[in-house]
Amino acid sequence: MSEKGIFKSYLRVLLRELKQLQTALKEKDYNKAEKLINEIIEDTQKGIED
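About the thresholds
- Residues numbered from 1 in each chain as written.
- Predicted model: local features only at pLDDT ≥ 70, side-chain atom pairs only at ≥ 80, totals over all residues.
- Heavy atoms only, no water.
- Helix = DSSP H or I, 4+ residues; strand = E, 2+ residues; numbered from the N terminus.
- Rg over C-alpha atoms; globule rule 2.2 N^0.38 Å.
- Buried < 20%, exposed > 50% of the residue type's maximum accessible area, 1.4 Å probe, protein only.
- Areas by Shrake-Rupley, 256 points an atom, 1.4 Å probe, with all protein chains shown as cover.
- Lys, Arg positive; Asp, Glu negative; His and termini not counted.
- Charge placed at Lys NZ, Arg CZ, Asp CG, Glu CD.
- Salt bridge = Lys/Arg side-chain N within 4 Å of Asp/Glu carboxyl O.
- Contact = heavy atoms within 4.5 Å.

**Structural notes on the overall build of the chain**
In terms of regular secondary structure, the chain is built from two helices and zero strands. The C-alpha atoms of the chain give a radius of gyration of 12 Å, which is well past the 10 Å a tight globule of 50 residues would have. The proportion of buried residues among the 50 residues of the chain is 14%. Split by element, the accessible area of the chain, about 4,400 Å² in all, is 55% carbon and sulfur. Computing the positive centroid from 10 side-chain charges and the negative centroid from 10, the chain places the two 10 Å apart.

And the structure:
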């Protein structure tokens, strides 16, 4: 897979997670929101380290 394809794949996952985060915040489910933020940070760090 090309670098562009990998990046687009990452963006799709990020968008999905951000939508889930948005829903959690609208529902005032702050525990879920914090968990999602931690997952986004972890996924991003792994992507940088690869």
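**Here's the deal with the side chain of E17**
In this fold, E17 is placed in helix α1 (residues 3-26). Here E17 occupies a buried position and makes no salt bridge, while the nearest side chain of opposite charge, R16, is found at 6.7 Å. Among all residues touching E17, those that are not within four sequence positions of it are I40 and D43.

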